[in-house]
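# Tertiary structure, described
Letter by letter, the chains look like this.
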Amino acid sequence: MKKEFRVCKNYEFSSIIQNRTYIKSSSFVCYFQARKEEHARIGISVGKKLGNAVCRNKIKRQIRSMVDDIFDFNEEYDLIIIVRPAYHKKSYKENFDELKINKRRLEKRFRK
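### What to know about the nonpolar core
Core analysis: the largest hydrophobic core is formed by 25 residues, its most contacted members being Ile63, Val67, Leu79 and Ile81. Elements supplying a minimum of two residues to this core: β2 (28-34), β3 (42-46), α2 (53-70), β4 (77-83) and α3 (92-111). Counting residues per element, this core draws most heavily on α2, which supplies five residues. Not counting residues within four places of it along the chain, the set of residues in contact with Ile63 comprises Phe28, Ile44, Ile81, Val83 and Tyr87. Val7, Phe13, Val29 and Tyr31 belong to the second-largest nonpolar core, a separate cluster that totals six residues.

### Considerations on the confidence of the model for the protein chain
Here the protein chain averages 91 in pLDDT, and 99% of its residues register 70 or above. Confidence, read as mean pLDDT per element, is least for helix α1 (residues 10-18) in the protein chain (89) and greatest for α2 (95).

### Examining the sheet that holds β4
Taken in spatial order, the four strands make up an open sheet running β1-β2-β4-β3, and their pairing is mixed. Bordering the open sheet on either side are β1 (22-24) and β3, each of which pairs with just one other strand. Averaged over all pairs of adjacent strands, the angle between their axes in this sheet comes to 15°, without regard to strand direction. Here β3 pairs with β4 via five bridges, running parallel. Paired with Gly43 across the strands is Ile80, a residue of β4. α3 rests against β1, β2 and β4 of the sheet, and its axis sits at about 35° to β2.

### As for the pattern of salt bridges
Taken as a whole and judged by the stated rule, the model has seven salt bridges. With its nearest N and O atoms 3.1 Å apart, the salt bridge here joins Glu12 to Arg41. Here Glu12, found in helix α1, pairs with Arg41, found in the loop between β2 and β3; they are 29 residues apart in sequence, far enough to count as distant. Like Arg41, Glu12 is buried. When the shortest N-O distance is used, the salt bridge between Asp97 and Lys93 registers 3.1 Å. One end of the pair is Asp97 and the other is Lys93, both in helix α3 and four residues apart, which spans about a single turn.

Conventions adopted
Residues numbered from 1 in each chain as written. Predicted model: local features only at pLDDT ≥ 70, side-chain atom pairs only at ≥ 80, totals over all residues. Heavy atoms only, no water. Core = buried A, V, L, I, M, F, W, Y, C linked by side-chain atoms within 4.5 Å. Buried < 20%, exposed > 50% of the residue type's maximum accessible area, 1.4 Å probe, protein only. Helix = DSSP H or I, 4+ residues; strand = E, 2+ residues; numbered from the N terminus. Contact = heavy atoms within 4.5 Å. pLDDT = per-residue confidence, 0-100. Pairing = 2+ DSSP bridges. Axes fitted to C-alpha atoms, helices over the stretch in contact; angles between N-to-C directions. Salt bridge = Lys/Arg side-chain N within 4 Å of Asp/Glu carboxyl O.

If you want it as structure tokens, here you go:
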């Protein structure tokens, strides 16, 4: 995932989360809002409950890989993915499928 497709600034994270439109699943909470730039952007948040810095960075790398496979960045929204502790209990494939399902649910909800 290229840097231009990432939400990096704290105030950008806050503005998307304060919009309070989200989709929950066992491993992820996905907050979204209409995009403000010409392409979609995605931010990833992994809390300290999921492990030390090495473990959290590994999870972020895995999610970036999933995002590269699932998203094409032509979506109509910016997205924040918050990882929940249940992420550890599932395999990479199960988490990948769950994120794919979340994207489908999100697109249905965003079109309303």
